[in-house]
Amino acid sequence: MKINRVAITGIGTICGLGNTTDEVWKNALAGKSGISTIERQVTENWPVNFAGEVKNFKLDPALMELKDQDRFDLFNQYALHAGAEAISQARLTEAGYDAGKIGVIFGTGLGGFPHIEKNHQIYLEKGARRVSPFFIPSVIPNMGPGLVSIHYGFKGINFAIASACASSAHAIGIAATEIMLGRQDAVVTGGTEAVITGYTIAGFASMKALSKRNDEPARASRPFDTGRDGFVMGEGAGILVLENLEKAKARGAHIIAEVIGFGASADAHHITSPHPEGLGALICMNQALELSGVAKEEIGYVNAHGTSTPQGDIAETQAIKKVFEDHASKLHVSSTKSMTGHLLGAAGGLESIFCIKALETGILPPTINLENQDPQCDLDYVANKPVKKDIMYALNNSFGFGGTNSSTIFKKYIS
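Residues numbered from 1 in each chain as written. Predicted model: local features only at pLDDT ≥ 70, side-chain atom pairs only at ≥ 80, totals over all residues. Heavy atoms only, no water.

1. Concerning a nonpolar patch on the surface
Then step 1. Taken together, the side chains of M1, I3 and L181 make up a nonpolar region of the molecular surface, amounting to roughly 350 Å² of accessible area.
Then step 2. Along the polypeptide, I3 turns up in the segment before β1 (6-14). (Patch = residues over 30% accessible without salt bridge, like charges linked within 9 Å, V, L, I, M, F, W, Y side chains within 5 Å. Areas by Shrake-Rupley, 256 points an atom, 1.4 Å probe, with all protein chains shown as cover. Salt bridge = Lys/Arg side-chain N within 4 Å of Asp/Glu carboxyl O. Helix = DSSP H or I, 4+ residues; strand = E, 2+ residues; numbered from the N terminus.)

Written as structure tokens, this is what we have:
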């Protein structure tokens, strides 16, 4: 069977660092933090009052009429917004593909929690008859890809993946596989998440998973630093357009990079804690390397899962060292969550875009707030300032509760 090469022809981004890919990338290279005190809700009784919140967002009415925007949860709107940027850059609507071979696969970890909270309150205070008829369509995880397919008329494969914080990385891997096998000509993929709510903040805080630096939010996410005390909630979307490379070339598309490797595994260890030696992460990184055919010495950059949790950062460091052996000391590894917060199910989509931009520009984004590096985290984490380095291959890691893991390898495109 012929295995098709997979091109990336469009990317779209929204997060606390900005509402477009250019804005996000510019701010990331400047080492800015997109984390601040939450403005959209009253947080007086919340244990944590800061997050990587999207600012100044207004969905284009051409994507969804104004009367409908309050009916659909923010994660759906972020999907449409970032999807439109990626689809426009790819010129996908002009590609001439059979609509039945253009798919949409997104990852979402939790779905529409803001509308769940809102309608639960209405149910308690006003009764069942006052719950919105749009409640269920607004919150189900697959509505993001559903709305994109409806808007653009894409009739190919269409679903959502919910595998906690690995959701969008898994979505990208499955989308790439569909193209490799020739079942789809193009897939719009990645992830979207918008769960900065009282419920989710309370739940994660009760687990002692969140940083509680309410007095210094911009410095709260500090992966690999001795002062890290938990992750910071983020929100947004990272969307990619993947295509059959030969067909993309034939239609004159601009090819940004390629997807060449994908791995997925389980820790089989604990519901929330990673395996202390990162054994599940090791398996999926090795799977991605095997599929790509790339030697570990050729990987130049790793965008780490790097959530700023005490156990997770050490476990991932151990896994990287075991996979890359002597080459680990030569790798550049960074956690862009230090600037964006943790987008949960959308993290892999956003962080894949950071890998793609690193390949495209030859600049590696930093890990900010790395002031006192943990001795157990002893790799080069691109501390506080970007690094100029021309690389051919980059790897993204995304791990999630339940012990689920995903690794994806991207290649710089040489025409």
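After that view, the rundown keeps rolling.
2. A few points about the side chain of R213
Then step 1. As for its placement among the helices and strands, R213 is situated in the loop between α8 (198-206) and β7 (236-244).
Then step 2. When its relative accessible area of 18% is taken as the criterion, R213 is described as buried.
Then step 3. Of note is the side chain of R213, whose polar atom sits 2.7 Å from the backbone oxygen of G227.
Then step 4. Beyond its immediate sequence surroundings of up to four residues, R213 is in contact with F50, R219, A220, R222, G227 and D229. (Buried < 20%, exposed > 50% of the residue type's maximum accessible area, 1.4 Å probe, protein only. Polar contact = N/O pair within 3.5 Å; in protein donor to acceptor, adjacent residues only side chain to side chain. Contact = heavy atoms within 4.5 Å.)

3. Looking at the environment of E325
Then step 1. In this fold, E325 is placed in the loop between α11 (310-324) and β10 (332-334).
Then step 2. Residues E325 and E297, spaced 28 residues apart in sequence, show a C-alpha to C-alpha distance of 9.2 Å.
Then step 3. The residues touching E325, leaving out its near neighbours within four places in the chain, are K296 and I320.

4. A short note on the packing of aromatic side chains
Then step 1. Summed over all chains, the structure comprises 7 aromatic pairs.
Then step 2. Where F224 meets Y381, the ring centres are 3.9 Å apart and the plane angle is 10°; that geometry is what we call stacked. With a gap of 157 residues between them, F224 in the loop between α8 and β7 and Y381 in the loop between β11 (363-364) and β12 (387-388) connect regions that are remote in the sequence.
Then step 3. Look at F224 and you get buried, because its relative accessible area is 1%.
Then step 4. Counting every residue linked through ring pairs, the aromatic cluster contains F204, F231 and F401. (Phe/Tyr/Trp six-rings, centres within 6.5 Å; stacked < 30°, edge-to-face > 60°.)

5. A word on the pattern of salt bridges
Then step 1. Throughout the structure, instances matching the rule amount to 29 salt bridges.
Then step 2. The partner of E351 in a salt bridge is K337, and the shortest N-O contact between them spans 2.9 Å. Highlighted residues: E351 in helix α13 (residues 347-361) and K337 in helix α12 (residues 337-340), separated in sequence by 14 residues. Side by side, E351 and K337 carry an identical accessibility label, which is buried.
Then step 3. Taking the shortest distance from any N to any O, the salt bridge between K412 and D390 comes out at 2.7 Å. In this pair, K412 is assigned in strand β14 (residues 404-412) and D390 in the loop between β12 and β13 (393-400), connecting sequence segments 22 residues apart.
Then step 4. Among the ionic contacts, a cluster of salt bridges with common partners joins R213, E216, R219, R222, D225, D229 and E371.

6. Here we look at the pairing of β13
Then step 1. A large share of β13 lies buried, amounting to 8 of its 8 residues.
Then step 2. Because side chains alternate across β13, one face comprises the buried residues Y393, L395, N397 and F399, and the other comprises A394, N396, S398 and G400, equally buried.
Then step 3. Summarising the sheet, β13 and β14 pair through 8 bridges and their orientation is antiparallel. Looking across to β14, one finds that Y393 is bridged to K411. (Pairing = 2+ DSSP bridges.)

7. Remarks on unusual backbone geometry
Leaving glycine aside, a negative phi is the common case for residues, and trans is the common case for peptide bonds.
Then step 1. The backbone phi angle of S308 is positive, close to 80°, even though this residue is not glycine.
Then step 2. Secondary-structure assignment places S308 in the loop between β9 (299-303) and α11.
Then step 3. With phi around 50°, L344 is a residue other than glycine that occupies positive phi space.
Then step 4. If you trace the backbone, L344 turns up in the loop between α12 and α13.

8. Observations regarding the sheet that holds strand β4 (residues 102-107)
Then step 1. Spatially, β5-β4-β6-β7-β1-β8-β14-β13-β9-β10 is the arrangement adopted by the 10 strands of the open sheet, whose pairing is mixed. The sheet is open, and its two borders are formed by β5 (158-161) and β10, each paired with just one other strand. Ignoring which end each strand starts from, the neighbouring axes of this sheet average 25° apart.
Then step 2. For β4 and strand β6 (residues 186-193), the ladder comprises 6 bridges, and the chain directions are parallel. Residue pairing in the sheet places G107 in a bridge with G191 of β6. (Axes fitted to C-alpha atoms, helices over the stretch in contact; angles between N-to-C directions.)

9. Quick word on the nonpolar core
Then step 1. Core analysis: the largest hydrophobic core is formed by 39 residues, its most contacted members being Y78, L92 and V188.
Then step 2. The dominant element in this core, judged by the number of residues it contributes, is helix α3 (residues 74-90), at 10 residues.
Then step 3. Excluding its chain neighbours within four sequence positions, the residues that come into contact with L92 are I87, Y97, I102, F154, A186, V188, V241, E243 and R251.
Then step 4. Membership of the second largest hydrophobic core comes to 28 residues, among which are L289, F324, L379 and Y393. (Core = buried A, V, L, I, M, F, W, Y, C linked by side-chain atoms within 4.5 Å.)

10. What about helix α10 (residues 279-292)?
Then step 1. Here α10 spans 20 Å end to end across 14 residues, near enough to the 20 Å set by a 1.5 Å rise per residue.
Then step 2. Within α10 the residues assigned to the buried category are G280, A281, L282, C284, M285, A288, L289 and S292.
Then step 3. Buried positions along α10 lie against β8 (257-266), β9, α11, β13 and β14.
Then step 4. Two residues or fewer after α10 comes G293, characterised by a positive phi angle close to 75°. (Expected span 1.5 Å × (residues − 1).)

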